[in-house]
Amino acid sequence: MSVQMLTVTEDEGEQRLDKWLRRRFPQLNQVAVEKLCRTGQIRVDSGRVKASDRVLPGQTVRVPPLPDAAPRTEARVQGVSAADARMIQAAVLWKDEHMIVLNKPAGLPSQGGSGQGDRHVDGLSEALKFGYKEKPKLVHRLDKDTSGVLMLARTDRVARALSEALRHRAARKIYWAVVAGVPHPKQGSIKFALEKAPGRGRGGEGEKMLCVHPAKMADHPDAKRAHTDYFTLWFLGTRLSWMALEPVTGRTHQLRAHMAEIGHPILGDGKYGGGETENLGDGWGAGAGGDLSKKLHLHARSLTIEHPILKTQLTFTAPLPEHMARTWKLLDWKEDDVPADPFEVIR
């Protein structure tokens, strides 16, 4: 856990610093609080303080990295195993009194649904209360096999604000992906509409989206407009490309369906890329063979949004999951060699 800058809320009122800290961080005892204050690791509005000093609404408290709270959480988190509690708490990228941002692991569903079982972010968020009475609420989702930045709100007010920002496209998301082949042109936009494929379960398409050309939308009343911007960051001959993808709209499976439609399915995407031997357009199918992982190579790399309460612009960046990090290492791709936001560079 990194250094946290926390704001004393109006609801917390005026109270002793030690009581305020211990209410938020139950793993701290009085001796630990006094030592952190005495050594200057805990500060209020950048100034040194004593444990007995009082904090006021609006003040900012600097809290250093603290001991893992998981051991004290194990007995208190209902329905969440100790291992899962540690896993989901370790995924936290940002935490304040208003919101929590995770680096969602690949393979973990965002919430329950058909065939998803009862192990998902929404269920495991019982372990993300960190002293609050209510568990944080999901404000958007990622596909089960997609990793990366995922936001949760700690209050209803913040949930509404974040949902509005996403709905009105006041948040910018950038995904990283590895795709088969090299798109031509190397940067551009995809504007195929999307509609659910017919049929479910055995013999049906299941949860899959079909692309519809914008000129044919009149023949597909259930199709919804979709828009993806893409930028080729790096490529390996004509075989594979490292892509930055920005979903201007937020449709189900949008990035996966759009890249497959232009002949460049995402590596490891069996639903939209086919098998290793299937050639879609000038791509190489869902697999690339060799030592590369067969898992989906799609990662929500960053999200930029205005903090709903503090009104400051924040950008959250999620490290690559293990299977994608291995691919980067095998292909000798360096994260620092590409712009964090290539779309800003070309605008």
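Please refer to the structure higher up on the page.
Residues numbered from 1 in each chain as written. Predicted model: local features only at pLDDT ≥ 70, side-chain atom pairs only at ≥ 80, totals over all residues. Heavy atoms only, no water.

Trainee: For this particular structure, what's the right way to read the sheet that holds strand β4 (residues 47-48)?
Mentor: Pairing within the open sheet is antiparallel, and its four strands lie in the order β1-β6-β3-β4. Edge positions in the open sheet fall to β1 (4-7) and β4, since each of these has one partner strand only. Pairing analysis gives two bridges linking strand β3 (residues 43-44) to strand β6 (residues 60-63), with the strands arranged antiparallel. Bridge assignment links V44 to a residue of β6, and that residue is V61. (Pairing = 2+ DSSP bridges. Helix = DSSP H or I, 4+ residues; strand = E, 2+ residues; numbered from the N terminus.)

Trainee: Help me understand the environment of F343, please; the structure alone is not making it clear to me.
Mentor: Mapped onto the elements, F343 comes out in helix α10 (residues 342-346). For F343, a relative accessible area of 3% corresponds to the buried category. Along the chain, F343 and Y230 lie 113 residues apart, while their C-alpha atoms are 8.3 Å from each other. Apart from the residues lying within four places of it in its own chain, the contact partners of F343 are R172, I174, D229, Y230, F231, A244, L245 and E246. (Buried < 20%, exposed > 50% of the residue type's maximum accessible area, 1.4 Å probe, protein only. Contact = heavy atoms within 4.5 Å.)

Trainee: Please clarify how the environment of Y175 should be interpreted in this entry.
Mentor: Tracing the backbone through its elements, the reader meets Y175 in strand β11 (residues 172-180). When the C-alpha atoms of Y175 and A244 are compared, they prove to be 5.6 Å apart, with 69 residues separating the residues in sequence. What Y175 contacts, discounting residues up to four positions off in sequence, is L142, T146, M243, A244, L245, P247, L255, L298, H299, A300 and R301.

Trainee: Honestly, the pattern of salt bridges in this entry has me stumped. Any pointers?
Mentor: In a structure, side chains of opposite charge can pair up when their charged atoms sit close to one another. A full pass over the atoms with the stated rule returns 15 salt bridges. The partner of R172 in a salt bridge is E246, and the shortest N-O contact between them spans 3.1 Å. On the criterion of sequence distance, the pair formed by R172 in strand β11 and E246 in strand β16 (residues 240-247) is long-range, its members being 74 residues apart. For R172, a relative accessible area of 22% puts it in the partly exposed group. Counted as one network, the salt bridges with shared partners bring together R172, E246, D341 and E344. (Salt bridge = Lys/Arg side-chain N within 4 Å of Asp/Glu carboxyl O.)

That is the geometry; function is a separate question.
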